[in-house]
Amino acid sequence: FEQVTHVPLIIKEPGQESGSIIGNVVEQIDIAATIADLANISPPPWMEGRSLVPLMRGEKLPPQPAFSMNLQGSRSLGHRISAGSIAVWEGDFKLIHYLERNESILFNLKEDPGEVNNIYHLQPEVGERLQSLIMENLEEANEKIMRGPH
């Protein structure tokens, strides 16, 4: 699973002569906010994501869960998201939830980087907490879809 979502992000600023590797898990949604920050542009209030510039400057960002979605079917206005899968990373844990089957699998990436052993049944409190994060974010996304543009 991780090989599908673990994608390197390379940013080179003008005049930059050396680089560094940052191991933080971030989201694609952070790219636009990062570009705006690098261009000294204030992002519009509706833009989601956070700038990764502090990480590039050697600072830390507060940890937060990262999400990835592989959605199927119509994602247009008036159609709720109900098919596909959603993953969330938090600390060493990654949970993948399959919407159609209403089924989740949980991995500890530090202990099981190959994602071989589903530990949902061994750590149900972690699994349930991460699954609730997915469901809260899914409900918020579905509300935006159903509400339409303002």
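Residues numbered from 1 in each chain as written. Predicted model: local features only at pLDDT ≥ 70, side-chain atom pairs only at ≥ 80, totals over all residues. Heavy atoms only, no water.

The next point concerns the confidence of the model for the protein chain. When the pLDDT values of the protein chain are averaged, the result is 87; 91% of them are 70 or greater. Predicted confidence in the protein chain is weakest over helix α1 (residues 2–5), with a mean pLDDT of 64, and strongest over strand β4 (residues 103–108), with 96. (pLDDT = per-residue confidence, 0-100. Helix = DSSP H or I, 4+ residues; strand = E, 2+ residues; numbered from the N terminus.)

This next bit is on the environment of Pro113. One can find Pro113 in the loop between β4 and α4 (124–147). The sequence separation of Pro113 and Gly23 amounts to 90 residues, and the corresponding C-alpha distance is 14 Å.

Attention now moves to the environment of Val25. One can find Val25 in the loop between α1 and α2 (29–38). With sequence-adjacent residues up to four places away left out, Val25 is seen in contact with Ala66 and Trp89. (Contact = heavy atoms within 4.5 Å.)

With respect to the element layout, Asn108 can be found in strand β4. With relative accessibility at 7%, the residue Asn108 sits in the buried group. Side-chain polar atoms of Asn108 contact the backbone nitrogen of Glu111, separated by 3.1 Å. When residues no more than four places from it in sequence are discounted, the contact partners of Asn108 are Asp92, Phe93, Pro113 and Ile119. (Buried < 20%, exposed > 50% of the residue type's maximum accessible area, 1.4 Å probe, protein only. Polar contact = N/O pair within 3.5 Å; in protein donor to acceptor, adjacent residues only side chain to side chain.)

Peptide bonds are, in most cases, trans, and in most cases residues other than glycine have a negative phi. A positive phi angle, near 55 degrees, is found at Asn40, a position not held by glycine. Checked against the element boundaries, Asn40 lands in the loop between α2 and α3 (53–56). You can call Asn40 exposed: its relative accessible area is 71%. A positive phi angle, near 50 degrees, is found at Asn102, a position not held by glycine. Turning to its location among the elements, Asn102 is positioned in the loop between β3 (93–98) and β4.

Here we come to the sheet that holds β3. Remark on secondary structure: sheet strands pair via backbone hydrogen bonds, oriented parallel or antiparallel. Overall, antiparallel pairing links the 4 strands, which are arranged β1-β2-β3-β4 in an open sheet. Where the open sheet ends on each side, the last strands, each with one partner, are β1 (66–71) and β4. Adjacent strand axes in the sheet meet at a mean angle of 15 degrees when their direction is disregarded. Where β3 lies against β4, 6 bridges are found, and the strand directions are antiparallel. Across the sheet, the residue bridging to Phe93 is Asn108, located in β4. In this fold α4 packs onto β1, β2 (84–90), β3 and β4, with an angle of close to 55 degrees to the strand it touches most, β3. (Pairing = 2+ DSSP bridges. Axes fitted to C-alpha atoms, helices over the stretch in contact; angles between N-to-C directions.)

The subject of this paragraph is the environment of Asn70. Secondary-structure assignment places Asn70 in strand β1. Asn70 has contacts with Ala83, Gly84 and Ser85, leaving out every residue within four places of it along the chain.

Moving on, we get to the pattern of salt bridges. Summed over the entire model, instances satisfying the criterion amount to 4 salt bridges. For Glu13, the salt bridge identified is with Arg57, shortest N-O distance 2.7 Å. On the criterion of sequence distance, the pair formed by Glu13 in the loop between α1 and α2 and Arg57 in the loop between α3 and β1 is long-range, its members being 44 residues apart. Measuring nitrogen to oxygen at the nearest pair gives 2.9 Å for the salt bridge that ties Glu115 to Lys94. (Salt bridge = Lys/Arg side-chain N within 4 Å of Asp/Glu carboxyl O.)

Moving on to a nonpolar patch on the surface. The grouping of Leu9, Ile11, Val26, Ile31, Ile35 and Leu38 at the surface amounts to a nonpolar patch, some 430 Å² of accessible area in total. Along the chain, Ile31 falls in helix α2. (Patch = residues over 30% accessible without salt bridge, like charges linked within 9 Å, V, L, I, M, F, W, Y side chains within 5 Å. Areas by Shrake-Rupley, 256 points an atom, 1.4 Å probe, with all protein chains shown as cover.)

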